[in-house]
Amino acid sequence: MGIMEKEVIRQFDGVYNFRDIGGRETIDGNRMKTGVLFRSDELSRLSKQDIEKMKRLQLKLICDLRTPNEQKSRPGRIKPEHGVELVSISMYDKSQEFTHFEFFKFLVGKSNTINFEEIMKEMYRNMAFSSCNEIQEVIQLLSEQKHVPALIHCTGGKDRTGYIAAIIQLLVGVSYETVLNDYLFSNDVIGPRMKKMERFIRWMSLFQASPERIKPMLEVRRDYLDDVYYGIIDKYGDIETYLCQACKVQQDSLLNLKHLLLE
């Protein structure tokens, strides 16, 4: 049984995609620490037992990557009085944010012509190349000793959180194939929840949108990460240069983050 499968077994009642991003070996023979940086989906469904489990992690910081509308519709159950600093860093293009009614009109009016896969790829390009200020803010916070252990989350924990987790793992030297496998593992743990979402979207579209056409939105795919990763490498050479030049992260912050995350 692998590390990720073991992680899922001991998890929470109301969180499906919670994981420690540590424990991975790096290319140069180091290893990421466990218990320092976690990732998950949104925290609105936590049970009382879940909240107690979260307390035992001794989190100092929670970075919420959701939009204000997402946060308002599903408020997290971890509060400042639990001893955690809560920081909102929205990483999604506001022009793509829909209310249920707007989404209904969108699907009914255009569902036969929408390319959901291209929508997802555009979202990843936006995260990688148009959300640099937000990435800088996340990295800066995580590089400070007072903010770890920390948790990063969005709604499903698969795209925005998956991208940030991948960038951090790559920065400290984890191989791309290992990072990719970790990223794709979201499909295993959120599959049942995404099936429910698929049925909801199909109903919202008056069954005009087929399961196959909706599927690109409800899973992570190698292409999504490949496209932005190789785009970054082509333009900047490596992840550290990308974070320094594109995201304006200070070199000292990157060194501090590596120190905090590597054994």
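Residues numbered from 1 in each chain as written. Predicted model: local features only at pLDDT ≥ 70, side-chain atom pairs only at ≥ 80, totals over all residues. Heavy atoms only, no water.

**Some details on the overall build of the protein**
The line we're drawing: Helix and strand labels come from DSSP, where a helix needs a run of H or I of at least four residues and a strand needs a run of E of at least two; each type is numbered from the N terminus. The classification of residues rests on relative accessible area computed with a 1.4 Å probe and restricted to protein chains. Under 20% of the type maximum is buried, over 50% is exposed, and intermediate values are partly exposed. Note on definitions: a residue-residue contact is assigned when non-hydrogen atoms from the two residues lie within 4.5 Å. For the accessible areas, the method is Shrake-Rupley and the probe is 1.4 Å, while residue cover comes only from the protein chains on display.
The secondary structure content of the protein amounts to 13 helices and five strands. Burial analysis of the protein (263 residues in total) assigns 52% to the buried set. In the protein, 76% of the contacts between residues at least 6 apart in sequence involve partners at least 24 apart. As displayed, the protein offers around 12600 Å² of accessible surface, 51% of which is attributable to carbon and sulfur atoms.

**So, helix α7 (residues 160-171)**
Selection rule: Expected span, for any helix, means 1.5 Å times one less than how many residues it has.
For α7, which comprises 12 residues, the first-to-last C-alpha distance of 17 Å matches the rise-based estimate of 16 Å (1.5 Å per residue) to within 8%. Counting buried residues along α7, 12 of its 12 residues qualify, which places the element largely inside the surrounding structure. Among the residues of α7, Arg160, Thr161, Gly162, Tyr163, Ile164, Ala165, Ala166, Ile167, Ile168, Gln169, Leu170 and Leu171 are the ones counted as buried. Just downstream of α7, Gly173 is the residue with a positive phi angle, here 110°.

**Considering the pairing of strand β2 (residues 37-40)**
Operational definition: If DSSP finds at least two bridges between two strands, the strands pair.
On β2, burial covers both faces: Leu37 and Arg39 on one face and Phe38 and Ser40 on the other are all buried. Here two bridges tie strand β1 (residues 19-20) to β2, and the two strands are oriented antiparallel to one another. Following the sheet pairing, Arg19 is matched in β2 by Arg39. The pairing of β2 with strand β5 (residues 150-153) spans four bridges and is parallel. Following the sheet pairing, Ser40 is matched in β5 by His153.

**Quick look at the confidence of the model for the protein**
Short version of the rule: The pLDDT value tells you how sure the predictor is about a given residue, anywhere from 0 up to 100.
On average, residues of the protein carry a pLDDT of 89, and 89% of them reach 70 or more. Confidence over residues 1-9 falls short of pLDDT 50; this stretch has 15 contacts with residues more than four positions distant or in other chains.

**Notes on the pattern of salt bridges**
Quick note on the threshold: Salt bridge, as used here, is a side-chain nitrogen of Lys or Arg placed within 4 Å of a carboxyl oxygen of Asp or Glu.
For the structure shown, the criterion picks out 20 salt bridges. Here Glu122 ties to Arg125 by a salt bridge, and the two come within 3.0 Å at their closest N and O atoms. On the criterion of helical spacing, the pair formed by Glu122 and Arg125 is a turn pair, its members being three residues apart in helix α5 (residues 116-130). The class for Arg125 is partly exposed, based on a relative accessible area of 30%.

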